[in-house]
Amino acid sequence: MNVEIVNGTDNKIAITLPATQNVITVQPTALVASSISDAADVNLASPITVSNTDGAFTHVTSFSAGTSVESVLRQILEKYNRTTIALNGVTRALQSTGGSYGSASEVTSNQTLEIGRGVQVTAFRITVGDSTQTTDTSVKFLRGSTEVEAGLTDTTGTKTLTSADTQDPGTITSVSYSATVIDDGGSGLGDQTLTSGTIKFEWKHRLRVGSSATSAIADAAAAQTLFDGLATAYDQLSSETNFTVTATSGMDTTNHFTWIAYPASFGNLSEVLLGATDVLSDFQSPVDRNLTNDYGVTTSYRFYRSTFSKAFASGQTLTIKF
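Residues numbered from 1 in each chain as written. Predicted model: local features only at pLDDT ≥ 70, side-chain atom pairs only at ≥ 80, totals over all residues. Heavy atoms only, no water.

S.K.: Mind laying out the packing of aromatic side chains, listing which residues take part and the relevant values?
M.R.: Following the criterion strictly, the structure yields twelve aromatic pairs and no others. Judged by centre distance (6.4 Å) and plane angle (45°), the ring pair of Phe243 and Phe322 falls under tilted. Of this pair, Phe243 sits in strand β19 (residues 243-246) while Phe322 sits in the segment after β25 (317-321), placing them 79 residues apart in sequence. The same class applies to Phe243 as to Phe322, namely buried. Taken together through their ring pairs, the aromatic side chains of Tyr234, Phe243, Tyr262, Phe266, Tyr304 and Phe322 make up a single cluster. In this structure, Arg208 packs its charged tip against the face of Phe227, placed 4.5 Å from the ring centre. (Phe/Tyr/Trp six-rings, centres within 6.5 Å; stacked < 30°, edge-to-face > 60°. Helix = DSSP H or I, 4+ residues; strand = E, 2+ residues; numbered from the N terminus. Buried < 20%, exposed > 50% of the residue type's maximum accessible area, 1.4 Å probe, protein only. Lys NZ or Arg CZ within 6 Å of the ring centre and 35° of its normal.)

S.K.: Tell me what's going on with helix α2 (residues 220-229), and back it up with residues and numbers.
M.R.: Looking only at α2, the buried set comprises Ala223, Gln224, Leu226 and Phe227. Taken down its axis, α2 places every buried residue within 165° of arc, on the same side. Exposed side chains of α2 directed beyond 90 degrees from the buried face belong to Ala221, Thr225 and Gly229. Packing partners of the buried residues in α2 comprise β17 (199-212), β20 (257-263), β23 (287-292) and β24 (298-305). The residue sitting at the N-terminus of α2 and contributing the capping side-chain oxygen is Asp219; that oxygen lies 3.3 Å from the backbone nitrogen of Ala221. (Arc of directions from axis to C-beta. Contact = heavy atoms within 4.5 Å. Polar contact = N/O pair within 3.5 Å; in protein donor to acceptor, adjacent residues only side chain to side chain.)

S.K.: An account of the pattern of salt bridges is needed here, citing residue identities and associated values.
M.R.: Under the counting rule described, the total for this entry stands at eleven salt bridges. Across the pair Asp183 and Arg82 runs a salt bridge whose closest N-O atoms are separated by 3.2 Å. Taken together, the positions of Asp183 in strand β15 (residues 173-183) and Arg82 in the loop between α1 (69-77) and β8 (85-94) put the pair 101 residues apart, joining distant regions of the chain. Three or more residues joined by partner-sharing salt bridges are found here, namely Glu114, Arg206, Arg208 and Asp235. (Salt bridge = Lys/Arg side-chain N within 4 Å of Asp/Glu carboxyl O.)

The following block contains the structure:
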C-alpha cells in the first residue's frame, strides 16, 4: 500500500482505493514538527475524522490533536484483532445409583444423562488466544447466564472452582456451561467481553423396546419387573422423537412378546412401520404404569405389547413413530 501525506486545509483524513493501488491521503489542518526526520516527529495540530466508509477502515473513526502521523498510519494499517476464548473441557463427577458422586473426569463434548442423575462440576479448561490482550483475572465461568465463579486468571489452562456446581434435576431439561474473558481493546478500542462455546448436559428419559414372556402388567410392580428385565433391542436415553429398532432373536421366539415402553407424556404412537407397512394394529391398546428409575424419579410410562408372540423376524427393522 502506498501512503501519501498532503498538507492541506481540510480537517479530515480522506482514503481512496484506486484500482491500480491503495493510496491513503492524510489532509490535516496543519502538521506540527520540531524537526522532521520520520513520521514519528510529525503530530496533528487538530483532531481529524476518518470519512472513508470502506469496510477495511471501520475500526478507525477519529484521531485527537497531538497524535503522531506514524500512530495515525499504524492505527489504520495495523487493525486490532480481538483475541478468542475456547471452552475445551469440563471436569465433572456423576451421581451413582446410591446417591454418592464418584471420581471426576473431563468431558469435552455434550453429555446426555438419565433424569434424576446428578452431575457435579469442579473445574473447566480453556484456551485464551492471546492473554496479553485480556484483562487480568477477568475469566468467568457461567451456567447459562448464571455466574458460577468470577475473578479467574486470564491464561490458558484448567481452572478449579472454589465450590462444585451440582445439578440434579428431576425433569427433562439441560444446562450449558461457558466461559468469558474481557479483551481490553488495545489502545484504540474499549473493553469487550468474549464468550466461548458451550458444553451441555441434557437430561432425558429412558426408552426401551424388547421381548419378554410376560403377557400382562397388572400394576406398577409388574411393570417395573418387566421394564427392568426386558431383553432389549433398544435401550436409549431419548426425547420424544421417532426411532428405529432392529428385531432381536427374543422378538422372534415363541411365547415371547414384543414390548415398547416410553414416558406417557409422549402420547400415543402414530405408527409402527415394518418396512413401509404400518403394523401398529398388531399391538394391543397401551396401558400406563408408574416406573421409578435408578435415581429415584417416578414417571408414568406407556406400554405397548404385540398381540402375538414371535411377532417379528430377527433382523427386521421397525420404525417407531409418535
